[in-house]
Amino acid sequence: MRAKLVAGNWKMNGSLASNQALLEAVIPALAPLARARFAVCVPFPYLAQVAQALHGSNVALGAQDVCQFEAGAYTGGVSGAMLADLGCRYVIVGHSERRTVFGESDEIVALKFAQAVKHRLTPILCVGETLAERESGVTETVVARQLDAVVERCGLRALAQCVLAYEPVWAIGTGKNATPGQAQAVHAYIRARLAAADRRLADELAILYGGSVKAANAGELFAMPDVDGGLIGGASLAAGEFIAICRAALAAQETVTAKA
Ligand code: PEP
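Let us look at the structure shown here. Sequence order sets the numbering: in each chain, residues are counted from 1 along the sequence as written. Selection of residues for local features in this predicted model requires a pLDDT of at least 70, selection of side-chain atom pairs for listing and counting requires 80 or more, and totals for whole chains, interfaces and linings are taken over all residues. No hydrogens and no water enter the side-chain calculation; it runs on all heavy atoms of the structure.

## Some details on the pairing of strand S3 (residues 59-63)
Right, on to step 1. Burial status follows relative accessibility: with a 1.4 Å probe on protein chains alone, a residue under 20% of its type maximum counts as buried, one over 50% as exposed, and anything between as partly exposed. Helix and strand labels come from DSSP, where a helix needs a run of H or I of at least four residues and a strand needs a run of E of at least two; each type is numbered from the N terminus. With five of five residues buried, S3 is to be regarded as a mostly interior element.
Right, on to step 2. Alternating residues of S3 divide into Val59, Leu61 and Ala63 and Ala60 and Gly62, and every residue in both groups is buried.
Right, on to step 3. Both strand S2 (residues 37-41) and S3 contribute to a ladder of four bridges, which runs parallel. Residue pairing across strands places Ala39 opposite Ala60, the latter belonging to S3.
Right, on to step 4. Running through helix H2 (residues 47-54), the crossover from S2 to the neighbouring parallel element S3 is right-handed.
Right, on to step 5. Here a strand pair is declared whenever DSSP counts at least two bridges between the two strands. In terms of strand pairing, S3 meets strand S4 (residues 90-93) through two bridges, oriented parallel. Looking at the pairing, Ala63 lines up with Val91 of S4.
Right, on to step 6. By convention a crossover is right-handed if, when the strands point away from the viewer, the path from the first strand over the helix to the second runs clockwise. The parallel pair S3 and S4, bridged by helix H3 (residues 80-85), forms a crossover whose chirality is right-handed.

Here's what the structure looks like:
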């Protein structure tokens, strides 16, 4: 059975003081929530601070990006080895903001994925279509192309070491989430496509939904059979919202467990 996962993506937000205040609220509130999994993906400068704060808790540490190169003369780069050294368990790869604002191609995303896997980090691989692509009816084509780039470079089995996140670009930071039905349709498409190649891998793969998830809509999204949790941007910065989203994931998990 797939355990629900909620991962916060703090993006380029935070300060030593605000991180501490947020974690002081979040860590004890999530402590009793066994069975679901939680993580926060934080800016590079705060990894050490957050690693220390999360020590001994049930919240895992993640980064938001990794360099596609191993080591050396790549000014500003942060390697997979460095993230592992700092205690990261997860790293977001191919977030739409990296793809669009920083011009990361499918090929670069695949190289980053390879670095994450090499250093035993769990990549949270983001895929998703723009509004224009959805309106042109090519959502599945786009998502398949983004996935295939990783499979071609790293092999299908490498996906067994990752978490996928379906994040429609038009829903990220816009306040406009995909409906549970829209999310479920794309998640089911991804799972069926992978199942055609490897059923077990597809059954075990966690596929998160991301895009304006809030306390108010998390429950209905997480209730979808192929939605295994969420990648949470803006709402992960507000302790009360993030805690409520994590509780919704646990409630959805308990419903699935009761049915099994
Ligand atoms: C994200 O950053 O991955 C995201 C889904 O953002 P938001 O929740 O703010 O839409």
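Still to come is the rest of the account.
## Some points on the pairing of S4
Successive side chains on a regular strand alternate, one facing one side of the sheet and the next facing the other.
Right, on to step 1. Here S4 shows a buried face lined by Tyr90 and Ile92 and a second buried face lined by Val91 and Val93.
Right, on to step 2. Pairing of S4 with strand S5 (residues 122-127) involves four bridges; the strand directions are parallel. Within the sheet, the bridge partner assigned to Tyr90 lies in S5 and is Thr122.

## Description of the sheet that holds S4
Pairing between the strands of a sheet comes from backbone hydrogen bonds, and it takes one of two forms, parallel or antiparallel.
Right, on to step 1. As summarised here, the arrangement of the eight strands in space is S1-S2-S3-S4-S5-S6-S7-S8, forming a closed barrel in which the pairing is parallel. Shown here is a sheet whose adjacent strand axes are inclined to one another by a mean of 25 degrees, direction ignored.
Right, on to step 2. Note: S5 against strand S6 (residues 163-166), four bridges, orientation parallel. Residue Val127 lies in a different strand from S6, and its bridge partner there is Tyr166. Convention adopted: a line fitted to C-alpha atoms gives each axis, helices being fitted over their contacting stretch, and angles between N-to-C directions are expressed from 0 to 180 degrees.

## Observations regarding the packing of aromatic side chains
Right, on to step 1. Stacked, tilted and edge-to-face pairs are distinguished by plane angle, under 30 degrees for stacked and over 60 for edge-to-face with tilted covering the rest, among Phe, Tyr and Trp rings (Trp via its six-membered ring) whose centres lie within 6.5 Å. With the rule as written, the count across this model stands at two aromatic pairs.
Right, on to step 2. Arranged with centres 4.1 Å apart and planes meeting at 15 degrees, the rings of Phe69 and Tyr74 form a pair that is stacked.
Right, on to step 3. When the ring of Tyr166 is compared with that of Tyr209, the centres are 6.4 Å apart and the planes differ by 55 degrees; the resulting orientation is tilted. On the criterion of sequence distance, the pair formed by Tyr166 in strand S6 and Tyr209 in strand S7 (residues 207-210) is long-range, its members being 43 residues apart.
Right, on to step 4. Among the residues examined, Tyr209 registers a relative accessible area of 0% and is labelled buried.
Right, on to step 5. For a Lys NZ or an Arg CZ to count as sitting over a ring, it must be within 6 Å of the ring centre and within 35 degrees of the ring normal. Directly above the ring of Phe102 sits Arg98, whose terminal nitrogen or CZ lies 3.9 Å from the centroid.

## Remarks on the nonpolar core
Right, on to step 1. Residues belong to a common nonpolar core when they are buried Ala, Val, Leu, Ile, Met, Phe, Trp, Tyr or Cys residues joined through side-chain atoms within 4.5 Å. By size, the foremost hydrophobic cluster in this structure holds 70 residues, and its most contacted members are Ile190 and Phe222.
Right, on to step 2. Among the elements that make up this core, the one with the highest residue count is helix H11 (residues 239-259) (eight residues).
Right, on to step 3. Membership of the second largest hydrophobic core comes to 14 residues, among which are Ala7, Ala39, Cys126 and Leu231.

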